[in-house]
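Architecture at a glance
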Amino acid sequence: MFRRGAAIEPRSMNNTPFRILGIPGSLRKGSLNRMALQTAQQLVPENASIEIFELGGIPPFNQDQERQPPARVSEFKSRIRAADAILFATPEYNYSIPGVLKNAIDWASRPYGDSAWEGKPVAVMGASPSMLGTARAQYHLRQCFIFLNMYPMNGPEVMIANAPDRFDTQGQLTDERTRGLIRQLLDGLVQWSLRLRNEPSRVPVLGSL
Ligand code: FNR
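Residues numbered from 1 in each chain as written. Predicted model: local features only at pLDDT ≥ 70, side-chain atom pairs only at ≥ 80, totals over all residues. Heavy atoms only, no water.

1. Brief notes about the site of the ligand
Counted only if it meets this: Note on terminology: near, applied to a residue and a molecule or strand, indicates that one of the residue's heavy atoms is within 4 Å of it. Side-chain atoms alone can form a polar contact between residues adjacent in sequence; in general such a contact is a pair of N or O atoms within 3.5 Å, and within protein one must be able to donate a hydrogen while the other accepts it. Residue-level accessible areas treat just the shown protein chains as cover; the underlying method is Shrake-Rupley with a 1.4 Å probe. Gly falls in the polar group here, along with every residue not listed as nonpolar (Ala, Val, Leu, Ile, Met, Phe, Trp, Tyr, Cys, Pro) or charged (Asp, Glu, Lys, Arg).
Residues in close proximity to the ligand total 13 residues, the closest being S26, R28, S31, N33 and S128. Between the ligand and the protein, one listed contact pairs an oxygen atom with a side-chain N or O atom of N33 at 2.7 Å. Starting from 610 Å² of accessible surface for the ligand in isolation, the protein chains cover 72%. Looking at the shell around the ligand residue by residue, the classes come out as five nonpolar, six polar and two charged.

2. So, the packing of aromatic side chains
Our working definition: We call Phe, Tyr and Trp rings a pair once their centres come within 6.5 Å, taking the six-membered ring for Trp, and we label the pair stacked below 30 degrees between planes, edge-to-face above 60, and tilted otherwise. A run of H or I in DSSP counts as a helix once it spans at least four residues, and a run of E counts as a strand once it spans at least two, with each numbered from the N terminus. Note on exposure labels: buried denotes an accessible area under 20% of the residue type's maximum, exposed denotes more than 50%, and partly exposed covers the range between, all computed with a 1.4 Å probe on protein chains only. Sitting over a ring, as applied to charges here, requires NZ of Lys or CZ of Arg to be within 6 Å of the ring centre and within 35 degrees of the ring normal.
Under the definition given, this model contains five aromatic pairs. Taking 5.8 Å as the distance between ring centres and 80° as the angle between the ring planes, the aromatic pair formed by F76 and W117 counts as edge-to-face. Pair noted here: F76 is in helix α2 (residues 71–82) and W117 is in the loop between α3 (99–108) and β4 (121–127), with a separation of 41 residues, a long-range link. Each member of the pair, F76 together with W117, is buried. Connected via pairs of aromatic rings, a cluster forms that spans F53, F76, F88, W117 and F145. One cation-aromatic arrangement involves R136 over Y95; the distance from NZ or CZ to the ring centre is 3.7 Å.

3. Observations regarding the pairing of strand β3 (residues 85–89)
Two faces belong to every sheet, and in a regular strand the side chains alternate between them. Counted only if it meets this: The rule for pairing is simple: two strands pair if DSSP sees at least two bridges between them. Handedness rule for crossovers: strands pointing away from the viewer, path from the first strand over the helix to the second running clockwise, crossover right-handed.
Among the five residues that make up β3, five are buried, leaving the element largely enclosed by the rest of the structure. Across the two faces of β3 the burial is the same, with A85, L87 and A89 and I86 and F88 all buried. Two strands pair when backbone bridges link them, and strand β1 (residues 18–24) and β3 are joined in this way by five bridges, in the parallel orientation. The residue bridging G22 from the neighbouring strand is L87, located in β3. In the sheet, β3 pairs with β4 via four bridges, with the strands oriented parallel. When the sheet's bridge partners are listed, A89 is paired in β4 with M125. Remark: the β3/α3/β4 crossover connection has right-handed handedness.

4. Things to note about the nonpolar core
Most often, soluble globular proteins have nonpolar side chains that are buried together. Convention followed: Remark: nonpolar core denotes a set of buried residues (Ala, Val, Leu, Ile, Met, Phe, Trp, Tyr, Cys) joined through side-chain atoms within 4.5 Å. Contacts were defined at the residue level, with two residues in contact if any of their heavy atoms lie within 4.5 Å.
Membership of the largest hydrophobic core comes to 31 residues, with the highest contact counts inside it found for I20, L87, M125, I182 and L186. Ignoring anything within four residues of it in the chain, the contact list for I20 reads V44, S49, I50, E51, A85, I86, L87, L186 and L189. Counting 27 residues, the second-largest nonpolar core is a separate cluster that includes F76, A83, I86 and A137.

Encoded structure:
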């Protein structure tokens, strides 16, 4: 776990604070997943920050436009590239990830050879009113990381089940155990990202196994 004052400082390459891009997979105003990301903004380690990118305004993917994408897509790709790491908060729709999230992932992965996701460290969490807390959606999302060549944190798995009971009316996550898990995820994401950057030779390279 990242500890404040430890040998490796959570800074990005140019010595600015470590930047995480948080992506909620829901457009809904009262989204539990956006609330989870807003909570993460409060729990992020010192010298790191989370900016939230809203997927609103990203049109349905059309491969005819992938070389001249809509402005919102270009902005999305720039924001991904500027980030040191990605944090998805995904709802579960019909046992998978929402179409708006998959659509945005597809846009940012194109055209072939110009994916914004390439080599990005990534962490996942998700909130649902159900008992399984987006488990099935999270595993579908993780499957995408393979082709995208992203580097996912394996744990902790933050699956926020019975989510409406864990947030208060102001959207604050009140459940201490879940707050602890999110803190652990964020500390781990910073450490994982720095480790990938500082020790590339210790990371297995796809295709060389
Ligand atoms: C859902 N929901 C849902 N929940 C779940 O745990 N498993 C599921 O498969 C589904 N399927 C599903 C499909 C569709 C089309 C909708 C609209 C909803 C419920 C879902 O978890 C709930 O609406 C969450 O609150 C959505 O996340 P946000 O918008 O609160 O972030």
